[in-house]
Amino acid sequence: MEKFDYSDTDWDAIERLKKWYSGDVHDSMESLGLWGYLPGLSLFGALEPGAVVCGPAVTVLFGPSQRRGMPQDVYHNAIDCAPEGGIMVVEASCAAGSCTGGLMSTGAKTRGLVATIVNSTVRDIAEVREMGYPLFAAGLSPVGVTGKKEPRESQVPITIGGVTIRPGDVIFADIDGVLVIAKDKLLSVVEAAEALGKDEAACRDRLLAGEKLQSVWPAA
(Lines give C-alpha, C1' and ligand atoms only; values in the text may rest on other atoms or scores of the structure.)
Protein backbone atom coordinates (compact mmCIF):
# COMPACT_ATOMS: atom_id res chain seq x y z
CA MET A 1 0.00 0.00 0.00
CA GLU A 2 1.28 3.44 -0.88
CA LYS A 3 1.91 5.41 2.29
CA PHE A 4 -0.38 8.35 2.96
CA ASP A 5 -0.22 10.74 5.87
CA TYR A 6 -3.59 11.35 7.54
CA SER A 7 -2.18 13.48 10.32
CA ASP A 8 -3.59 16.69 8.82
CA THR A 9 -7.17 15.34 8.66
CA ASP A 10 -9.53 17.97 10.05
CA TRP A 11 -11.52 15.72 12.36
CA ASP A 12 -13.25 18.68 13.98
CA ALA A 13 -14.65 19.81 10.62
CA ILE A 14 -15.73 16.24 9.88
CA GLU A 15 -17.65 16.08 13.16
CA ARG A 16 -19.34 19.40 12.35
CA LEU A 17 -20.37 18.11 8.93
CA LYS A 18 -21.99 14.99 10.45
CA LYS A 19 -24.82 17.18 11.77
CA TRP A 20 -26.22 17.57 8.26
CA TYR A 21 -27.52 15.39 5.43
CA SER A 22 -26.24 14.80 1.92
CA GLY A 23 -28.78 17.20 0.41
CA ASP A 24 -27.66 20.02 2.71
CA VAL A 25 -24.02 19.24 2.02
CA HIS A 26 -24.28 19.10 -1.76
CA ASP A 27 -26.44 22.23 -1.91
CA SER A 28 -23.70 23.91 0.07
CA MET A 29 -21.06 22.59 -2.30
CA GLU A 30 -22.94 23.87 -5.33
CA SER A 31 -23.25 27.31 -3.71
CA LEU A 32 -19.43 27.34 -3.73
CA GLY A 33 -19.20 26.16 -7.35
CA LEU A 34 -18.26 22.61 -6.36
CA TRP A 35 -19.61 19.21 -7.41
CA GLY A 36 -19.10 16.01 -5.46
CA TYR A 37 -21.96 13.56 -6.08
CA LEU A 38 -20.90 10.01 -6.97
CA PRO A 39 -23.77 8.70 -9.14
CA GLY A 40 -25.12 5.18 -9.14
CA LEU A 41 -24.12 4.25 -5.59
CA SER A 42 -26.68 3.21 -2.99
CA LEU A 43 -26.72 1.91 0.56
CA PHE A 44 -26.89 -1.89 0.72
CA GLY A 45 -25.38 -2.41 4.15
CA ALA A 46 -26.67 -1.12 7.49
CA LEU A 47 -27.11 2.47 8.59
CA GLU A 48 -29.41 3.66 11.37
CA PRO A 49 -32.33 5.87 10.22
CA GLY A 50 -31.11 9.45 9.95
CA ALA A 51 -27.46 8.48 10.39
CA VAL A 52 -24.59 9.62 8.18
CA VAL A 53 -20.98 8.52 7.72
CA CYS A 54 -18.14 10.93 7.11
CA GLY A 55 -14.38 10.44 7.03
CA PRO A 56 -11.20 10.61 4.94
CA ALA A 57 -10.96 8.45 1.85
CA VAL A 58 -8.72 5.42 1.50
CA THR A 59 -8.67 4.47 -2.18
CA VAL A 60 -8.26 1.17 -4.03
CA LEU A 61 -8.18 0.74 -7.81
CA PHE A 62 -9.02 -2.57 -9.52
CA GLY A 63 -7.98 -3.64 -13.02
CA PRO A 64 -8.92 -6.57 -15.29
CA SER A 65 -7.10 -9.79 -14.40
CA GLN A 66 -7.31 -13.51 -15.12
CA ARG A 67 -5.46 -14.32 -11.90
CA ARG A 68 -7.05 -17.17 -9.93
CA GLY A 69 -6.64 -18.60 -6.47
CA MET A 70 -4.67 -15.63 -5.15
CA PRO A 71 -5.60 -13.18 -2.37
CA GLN A 72 -6.65 -9.61 -3.10
CA ASP A 73 -3.41 -8.55 -1.45
CA VAL A 74 -3.51 -4.85 -2.36
CA TYR A 75 -7.05 -4.49 -1.07
CA HIS A 76 -6.36 -6.52 2.07
CA ASN A 77 -3.33 -4.39 2.89
CA ALA A 78 -5.28 -1.19 2.29
CA ILE A 79 -7.84 -2.29 4.87
CA ASP A 80 -5.21 -3.41 7.36
CA CYS A 81 -3.31 -0.11 7.10
CA ALA A 82 -6.30 2.25 6.95
CA PRO A 83 -6.74 4.99 9.56
CA GLU A 84 -9.44 4.59 12.17
CA GLY A 85 -12.46 6.65 11.11
CA GLY A 86 -11.58 6.38 7.43
CA ILE A 87 -13.84 5.35 4.57
CA MET A 88 -12.69 2.80 1.98
CA VAL A 89 -13.48 3.85 -1.61
CA VAL A 90 -13.03 1.16 -4.26
CA GLU A 91 -13.14 1.69 -8.02
CA ALA A 92 -13.82 -1.80 -9.39
CA SER A 93 -16.09 -1.18 -12.38
CA CYS A 94 -13.53 -2.55 -14.86
CA ALA A 95 -15.17 -6.01 -14.92
CA ALA A 96 -18.04 -7.97 -13.44
CA GLY A 97 -17.76 -9.41 -9.95
CA SER A 98 -18.22 -8.45 -6.31
CA CYS A 99 -14.95 -7.54 -4.60
CA THR A 100 -16.53 -6.86 -1.22
CA GLY A 101 -18.76 -8.92 1.04
CA GLY A 102 -18.77 -10.30 4.54
CA LEU A 103 -15.05 -10.85 5.05
CA MET A 104 -13.93 -7.52 3.63
CA SER A 105 -16.58 -5.70 5.64
CA THR A 106 -15.61 -7.58 8.81
CA GLY A 107 -11.97 -6.64 8.30
CA ALA A 108 -12.88 -3.01 7.60
CA LYS A 109 -15.14 -2.66 10.61
CA THR A 110 -12.63 -4.34 12.91
CA ARG A 111 -9.91 -1.99 11.69
CA GLY A 112 -12.09 1.02 12.55
CA LEU A 113 -13.26 2.07 9.10
CA VAL A 114 -16.73 3.62 9.23
CA ALA A 115 -17.94 2.61 5.75
CA THR A 116 -16.95 1.11 2.41
CA ILE A 117 -17.94 2.57 -0.96
CA VAL A 118 -17.64 0.26 -3.99
CA ASN A 119 -18.19 1.31 -7.58
CA SER A 120 -19.25 -2.20 -8.58
CA THR A 121 -21.41 -4.94 -7.14
CA VAL A 122 -21.11 -6.37 -3.62
CA ARG A 123 -22.43 -9.51 -1.92
CA ASP A 124 -23.10 -11.23 1.45
CA ILE A 125 -25.47 -8.39 2.30
CA ALA A 126 -27.39 -10.32 4.96
CA GLU A 127 -24.12 -10.82 6.84
CA VAL A 128 -23.02 -7.22 6.29
CA ARG A 129 -26.32 -5.89 7.61
CA GLU A 130 -26.20 -8.21 10.60
CA MET A 131 -22.82 -6.78 11.59
CA GLY A 132 -24.22 -3.26 11.21
CA TYR A 133 -21.69 -2.09 8.62
CA PRO A 134 -22.45 0.71 6.11
CA LEU A 135 -21.65 -0.66 2.65
CA PHE A 136 -22.50 1.38 -0.45
CA ALA A 137 -22.30 -0.02 -3.97
CA ALA A 138 -23.65 0.02 -7.50
CA GLY A 139 -25.63 -3.19 -7.02
CA LEU A 140 -25.69 -6.77 -5.76
CA SER A 141 -24.27 -9.93 -7.30
CA PRO A 142 -23.13 -13.32 -5.93
CA VAL A 143 -20.44 -13.48 -8.63
CA GLY A 144 -16.85 -13.24 -7.35
CA VAL A 145 -13.84 -11.49 -8.89
CA THR A 146 -11.53 -14.48 -9.43
CA GLY A 147 -10.40 -14.63 -13.05
CA LYS A 148 -12.04 -11.30 -13.84
CA LYS A 149 -10.28 -8.49 -11.97
CA GLU A 150 -7.91 -7.76 -9.10
CA PRO A 151 -6.84 -4.78 -6.98
CA ARG A 152 -3.86 -3.13 -8.65
CA GLU A 153 -3.11 0.01 -6.63
CA SER A 154 -4.07 1.70 -3.40
CA GLN A 155 -3.89 5.29 -2.19
CA VAL A 156 -4.01 6.69 -5.73
CA PRO A 157 -6.54 9.09 -7.30
CA ILE A 158 -9.61 7.26 -8.64
CA THR A 159 -12.56 8.55 -10.66
CA ILE A 160 -16.21 7.59 -10.21
CA GLY A 161 -18.91 9.16 -12.36
CA GLY A 162 -16.54 11.87 -13.55
CA VAL A 163 -15.61 12.87 -10.00
CA THR A 164 -12.04 12.33 -8.79
CA ILE A 165 -11.41 11.04 -5.27
CA ARG A 166 -7.94 11.44 -3.80
CA PRO A 167 -6.65 9.83 -0.61
CA GLY A 168 -7.57 12.09 2.30
CA ASP A 169 -10.51 13.74 0.54
CA VAL A 170 -13.60 13.62 2.71
CA ILE A 171 -16.43 11.20 1.94
CA PHE A 172 -19.94 11.97 3.16
CA ALA A 173 -22.69 9.38 2.72
CA ASP A 174 -26.21 8.69 3.90
CA ILE A 175 -29.28 6.89 2.61
CA ASP A 176 -29.64 9.46 -0.21
CA GLY A 177 -26.18 8.95 -1.70
CA VAL A 178 -22.44 9.45 -1.59
CA LEU A 179 -20.45 12.70 -1.89
CA VAL A 180 -16.76 13.57 -2.00
CA ILE A 181 -15.32 16.86 -0.78
CA ALA A 182 -11.78 17.87 -1.69
CA LYS A 183 -9.71 18.08 1.48
CA ASP A 184 -8.77 21.72 0.89
CA LYS A 185 -12.44 22.70 0.46
CA LEU A 186 -13.76 20.95 3.56
CA LEU A 187 -13.91 23.89 5.94
CA SER A 188 -15.64 26.13 3.36
CA VAL A 189 -18.26 23.43 2.77
CA VAL A 190 -18.80 22.95 6.51
CA GLU A 191 -19.35 26.67 7.05
CA ALA A 192 -21.77 26.86 4.10
CA ALA A 193 -23.67 23.81 5.34
CA GLU A 194 -24.00 25.31 8.82
CA ALA A 195 -25.40 28.53 7.39
CA LEU A 196 -27.85 26.64 5.16
CA GLY A 197 -28.88 24.37 8.02
CA LYS A 198 -29.59 27.36 10.26
CA ASP A 199 -31.85 28.86 7.59
CA GLU A 200 -33.66 25.56 7.00
CA ALA A 201 -34.24 25.05 10.73
CA ALA A 202 -35.74 28.53 11.05
CA CYS A 203 -38.02 27.90 8.06
CA ARG A 204 -39.12 24.55 9.46
CA ASP A 205 -40.08 26.20 12.74
CA ARG A 206 -42.15 28.78 10.87
CA LEU A 207 -43.92 26.05 8.86
CA LEU A 208 -44.71 24.15 12.02
CA ALA A 209 -46.10 27.37 13.47
CA GLY A 210 -48.59 27.54 10.58
CA GLU A 211 -46.96 29.79 7.98
CA LYS A 212 -47.23 28.85 4.30
CA LEU A 213 -44.28 27.40 2.41
CA GLN A 214 -44.17 30.23 -0.14
CA SER A 215 -43.75 32.78 2.62
CA VAL A 216 -40.81 31.08 4.32
CA TRP A 217 -38.63 29.63 1.56
CA PRO A 218 -36.22 30.53 0.21
CA ALA A 219 -35.08 32.14 3.42
CA ALA A 220 -34.51 35.86 3.27
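Structure shown above.
Analysis parameters
Residues numbered from 1 in each chain as written. Predicted model: local features only at pLDDT ≥ 70, side-chain atom pairs only at ≥ 80, totals over all residues. Heavy atoms only, no water. Salt bridge = Lys/Arg side-chain N within 4 Å of Asp/Glu carboxyl O. Helix = DSSP H or I, 4+ residues; strand = E, 2+ residues; numbered from the N terminus. Buried < 20%, exposed > 50% of the residue type's maximum accessible area, 1.4 Å probe, protein only. Arc of directions from axis to C-beta. Phe/Tyr/Trp six-rings, centres within 6.5 Å; stacked < 30°, edge-to-face > 60°.

## A few points about the pattern of salt bridges
1) Next: Applying the stated criterion across every chain yields a total of six salt bridges.
2) Next: Ionic pairing is found between Asp8 and Lys183, a salt bridge with its closest N-O pair at 3.3 Å. Placement of the pair is Asp8 in the segment before helix H1 (11-17) and Lys183 in the loop between strand S11 (177-181) and helix H6 (186-208), with a sequence separation of 175 residues.
3) Next: Given the relative accessible area of 32%, Lys183 is considered partly exposed.

## Re unusual backbone geometry
1) Next: Notably, Asp124 is not glycine yet its phi reads approximately 60 degrees, a positive angle.
2) Next: Mapped onto the fold, Asp124 is located in the loop between strand S5 (115-122) and helix H5 (125-130).
3) Next: Given the relative accessible area of 38%, Asp124 is considered partly exposed.
4) Next: Notably, Gln155 is not glycine yet its phi reads approximately 55 degrees, a positive angle.
5) Next: Note that Gln155 resides in the loop between strand S7 (149-154) and strand S8 (158-160).

## Considerations on helix H3 (residues 73-80)
The periodicity of an α-helix, 3.6 residues per turn, causes residues three or four positions apart to be oriented the same way.
1) Next: Those residues of H3 not exposed but buried are Tyr75, Ala78 and Ile79. Viewed along the axis of H3, the buried residues span an arc of 100 degrees, placing them on a single side of the element.

## Let's talk about the packing of aromatic side chains
The description of two aromatic rings rests on the distance between their centres and on the angle between their planes.
1) Next: Taken as a whole and assessed by the stated rule, the structure comprises two aromatic pairs.
2) Next: Between Phe4 and Tyr6, the ring centres sit 4.8 Å apart and the planes meet at 65 degrees, which makes this aromatic pair edge-to-face.
3) Next: Note on Tyr6: relative accessible area 12%, which makes it buried.
4) Next: Consider the rings of Phe62 and Tyr75, whose centres lie 6.0 Å apart with planes at 80 degrees: the pair is edge-to-face. Of this pair, Phe62 sits in strand S3 (residues 53-64) while Tyr75 is found in helix H3, placing the two residues 13 residues apart along the sequence.
5) Next: Assessed through its relative accessible area of 1%, Tyr75 is described here as buried.

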